[in-house]
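# A structural walkthrough
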Amino acid sequence: MNRRRFLIGAAGAAAFVPSFSATLARAALTPARPRGYAACAADADGNFFAAGFSADGAPGFRIDLPERGHDIAFHPARAEAVVFSRRPGVTMHVVDIAAGGRAREIEARPDRHFYGHGVFTPDGRHMFVTENDFEAGRGVLGIYDTKGYRRIDEIPSHGVGPHQLRRMPDGRTLVIGNGGIRTHPDLGRAKLNVEDMKPSLAFVDSQTGRRLHAVRLPEPLHKLSIRHLDVNGAGTVAFGMQYEGDRRDRVPMIALVTGGAAPRLLKAPGGVDHMMRHYTGSTVFDSSGRYVAVSSPRGHVVGVWETRSADFVGNVKARDACGLAATGKTGEFLVTSGDGSIRLCDAPGLRTRELRAADRSVHWDNHIGVA
Amino acid sequence: MRTLFVLSLLVIAAVRPAAAAPDYAALNRALTDGAVIPAYRSLAETTAALRDASEARCDAASPATLEAAKAAFGRAMDAWQHAQPVSFGPVKTDSRDVRIEFWPDKRGTGTRQVRRALAAKQPDLVAPGGLKGKSVALQGLVTYERLLYDHADDAYACRFATAIARFQAEIAAAIVADWTKTGGYRETMLTAGGGNAQYADAKEAATDFLKSVATALDRMIDQKLERPLGDSRADSFGTRAESWRSGRSLENVAAGLDMLGLMFSTPGGFRDQLAAAGAGPLGDGMVRLFGEAAAAARAIPLPLSKAVADETVRPQVEKLLDDLQGLRTLVRNPVADELGIVIGFNSLDGD
């Protein structure tokens, strides 16, 4: 289908047509040295905040948050970042970085709450945010016009409990980790359907909301909640999982998906499930897409694999480490921890060094946003 | 204090030479049998008594039966507050913890649903088993308290409250059964050492206990004290206090602190394991501080809902908050370190 026909068709089907440009999409996916990073955190008294820092570790903006934050997405063109509150949070904060970190609060629709992740379209005109239609128990992607961050529409996530999402290299397809776990805000974070959860990795056309393709793991593995994921420049998706079943079960924790091929399950000596204590935190590719790193704050470890061969490169012990981001250098990752450290991990050599001195009064939260 | 004492404990912990390791399996057994199961048994007994007192009040409404129901409610709430720190196991099955107490109710769901139920006098709610599958906002002790204190003269409200008390007695009995039955959670804790469905080893099970202590302190600090306190007297919010209708918000905090103290002081508990790890003074200090904090909460001369706005009493609440923050620092750092347990920020509660 050519693009013109598509747009006409989409406009007929939905009130809104997200902006799309292949050039912008390519630009957004071109490996480059990040301009900076941001992460959510808690201080020693348990107050929540989000903070930016430059690629060499110098502190940037800092805003207080009314509830615990999760991930942060940077606008592709403007000096602006959106901080997503952690599920079942109901606020997003739009940070005007140029104005010294002044933030505007955006509230969830009363019958929706956020899961903690979102992505911009390549041109930055729209943003897709994973949300819970909790009375119906279905996942949706809220679509926001970034001019005023008004919520203009939504599309289904094609699963329950959508968590992280990313753009595919075409700039238009979204890949979504539907964790499969039903929750309701009146019950806090309680899991309501562990026995019959059906997680999926859904590829969804952002313009029509149609599901193009979905990956599910075979039946005995249905308690593996698909949560965090990343996409490299070649379109390979890496996703990390969290296991809700018996601790004695031997299960995969991480998989790679390329095109329509079956998922490749990543392995490690002794088992990734043991190494990661059945729980993965962040999953990210390095800037070249050649390596993928996965953190486990419960296993206090970051594991690294080579994408093409799926070979285990090795792991780095890192207490309470969870946040991961690619730097501009091949094989290098930024690692943040609940113990306040920000470290660089050189994946091929498995060496780490502090990007800046750890502030022990800061507890870095699950993820790092990359500008 | 206590701030100085907390600092001294931090220093003691820092300069002490390394010693033997704690016995996680012994800790798990001690806390299961010495703290957790007795707390749930008490919850089962007091909620059964609440059911009986509620039925008696509906059968013969009088000032005497009303007072008896209020006293029974106080005992059941005490028992729940004592058990609440345990944040894993059967109390999490089917969101039982939220069904026992749906609080804080930030969206006002309880107010809305109770008003609707009372206006419609829905017969299904008060029929046998009628609360099963209903909203958590209608099932728990907060709604019981509201019906007892705000709608004492309403005969339907009395039957509604009785239905809640019955439901609560059933939940508590089920929790006791799920811990103590063959193949129950007591066995899960005691067999963790060999690896089982829940835990890879005894240390992982012990981590659940220490996380429970840390999470309980978080809840006391963030929800039970800071929310009603607000940033200042003018900014305080008395009805954000837990159990404000019965005026027992601070007793709730004290009952929870009693449980945390017990988890340290019970034979084989955290104090003994800290001693085994060569950090005896730290364990002794923790027991002392929990005891002092509970006493301080009980010594505040006004209900929390009034104390937060009272010029002379508010500082006592702020002091209690400081004390709990000090205890949290100790639990998360030296206590966890000495026990060889990591209660990380991300590992504690990820997403």
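Residues numbered from 1 in each chain as written. Chains lettered and ligands numbered in written order. Predicted model: local features only at pLDDT ≥ 70, side-chain atom pairs only at ≥ 80, totals over all residues. Heavy atoms only, no water.

Here we come to empty space enclosed by the protein. Where empty space is left can be seen by rolling a probe of water-molecule size over the atoms. Summed over all chains, the structure comprises four cavities of 30 Å³ or more. As a volume, the largest cavity reaches approximately 80 Å³. Contributing to the lining of the largest cavity are A:Arg87, A:Tyr115, A:Gly161, A:His163, A:Gly179, A:Ile181, A:Thr183, A:Lys191 and A:Arg227. Quantified by volume, the second largest cavity comes out at close to 40 Å³. Lining the second largest cavity are B:Gln81, B:Gln84, B:Pro85, B:Ala216, B:Arg219, B:Met220, B:Lys224, B:Asn252, B:Val253 and B:Gly256. Residue assignment for the lining of the second largest cavity shows that the elements contributing at least two residues are helix H11 (202-229) and helix H12 (249-265) of chain B. Sorting elements by how many residues they give to the lining of the second largest cavity places H11(B) first, with four residues. Residue composition of the lining of the second largest cavity, by class: four nonpolar, four polar and two charged. (1 Å grid on protein atoms, 1.4 Å probe; cavity = no way out; pocket = protein on both sides within 12 Å on 5 of 7 lines; lining within 4 Å. Points joined across faces, edges and corners; volume = space filled by probe spheres on them. Helix = DSSP H or I, 4+ residues; strand = E, 2+ residues; numbered from the N terminus. Nonpolar A, V, L, I, M, F, W, Y, C, P; charged D, E, K, R; others polar.)

Turning next to the interface of chain B and chain A. A common way to report how large an interface is uses the accessible area buried once the components associate. On the chain A side, the residues contacting the 24 residues of chain B number 40 residues. Three residues, B:Phe345, B:Asn346 and B:Asp351, lead the burial of chain B against chain A; their summed loss comes to 36% of the area buried on that side. At the junction of chain B with chain A, the criterion picks out eight salt bridges. Between B:Arg107 and A:Asp186 there is a salt bridge; the shortest N-O distance is 3.0 Å. At the junction of chain B with chain A, the criterion picks out 15 residue pairs in polar contact (both at pLDDT 80 or more). (Contact = heavy atoms within 4.5 Å. Buried area = accessible area lost by both parts, 1.4 Å probe. Salt bridge = Lys/Arg side-chain N within 4 Å of Asp/Glu carboxyl O. Polar contact = N/O pair within 3.5 Å; in protein donor to acceptor, adjacent residues only side chain to side chain.)

Bringing the state of the cysteines into the picture now. Two cysteines whose sulfur atoms are joined by a covalent bond form what is called a disulfide. For the coordinates displayed, the defined rule picks out one disulfide over all chains. The disulfide bridge from B:Cys58 ends at B:Cys158, spanning 2.2 Å between sulfur atoms. One disulfide, between B:Cys58 and B:Cys158, carries an S-S torsion of -110 degrees and so falls in the left-handed class. Separated by 100 residues along the polypeptide, B:Cys58 in helix H2 (residues 24-59) and B:Cys158 in helix H9 (residues 155-180) bring together distant segments of the chain. According to the relative accessible area criterion, B:Cys158 is buried, its value standing at 6%. For A:Cys322, which is in no disulfide, the shortest distance to another cysteine sulfur is to A:Cys40 and amounts to 12 Å. Overall, A:Cys322 belongs to the buried group, its relative accessible area being 1%. Note on A:Cys345: no disulfide assigned, nearest cysteine sulfur contributed by A:Cys322 at a separation of 15 Å. Assessed through its relative accessible area of 2%, A:Cys345 is described here as buried. (Disulfide = S-S within 2.5 Å. Buried < 20%, exposed > 50% of the residue type's maximum accessible area, 1.4 Å probe, protein only.)

This next bit is on unusual backbone geometry. For the peptide bond that leads from A:Arg87 to A:Pro88, omega is -5 degrees, which places it in the cis range. Locating A:Pro88 in the fold gives a position in the loop between strand S5 (80-85) and strand S6 (91-96). Along the chain, B:Trp103 connects to B:Pro104 via a cis peptide bond; the corresponding omega equals -5 degrees. Note that B:Pro104 resides in the loop between helix H4 (96-100) and helix H5 (109-120). One non-glycine residue with positive phi stands out, namely B:Ser243, at about 55 degrees. You can see B:Ser243 is positioned in the loop between H11 and H12. Looking at B:Ser243, the relative accessible area reads 7%, which means it is buried.

Further remarks concern helix H3 (residues 63-83) of chain B. In this model, H3(B) (21 residues) spans 30 Å end to end at C-alpha, consistent with the 30 Å of a helix rising 1.5 Å per residue. Of the residues making up H3(B), those classed as buried are B:Thr65, B:Leu66, B:Ala69, B:Ala72, B:Phe73, B:Gly74, B:Ala76, B:Met77, B:Ala79, B:Trp80, B:Gln81 and B:Ala83. (Expected span 1.5 Å × (residues − 1).)

Residue and element names in this part refer to chain A. Read from one edge of the open sheet, four strands run S24-S25-S26-S27, paired in antiparallel fashion. Taken across any chain shown, the strands that pair with only one partner, and hence form the sheet edges, are strand S24 (321-326) and strand S27 (351-356). Across the sheet, the mean angle separating the axes of adjacent strands is 30 degrees when strand polarity is ignored. Strand direction decides the pairing type here: S24 and strand S25 (residues 332-337), joined by five bridges, are antiparallel. Paired with Ala-326 across the strands is Phe-333, a residue of S25. (Pairing = 2+ DSSP bridges. Axes fitted to C-alpha atoms, helices over the stretch in contact; angles between N-to-C directions.)

With that settled, the discussion passes to the confidence of the model for chain B. The share of residues in chain B with pLDDT of 70 or more is 95%, and the mean pLDDT across the chain is 94. For this predicted complex, the interface confidence score (ipTM) comes to 0.81, while the overall pTM stands at 0.86. (pLDDT = per-residue confidence, 0-100.)

Residue and element names in this part refer to chain A. What the four strands build is an open sheet, ordered S4-S5-S6-S7; its pairing is antiparallel. Looking at which strands have only one partner, the edges of the open sheet turn out to be strand S4 (69-74) and strand S7 (102-107). Across the sheet, the mean angle from the axis of one strand to that of its neighbour is 25 degrees, orientation sign disregarded. Summarising the sheet, S5 and S6 pair through five bridges and their orientation is antiparallel. By the bridge assignment, Phe-84 is partnered in S6 with Met-92.

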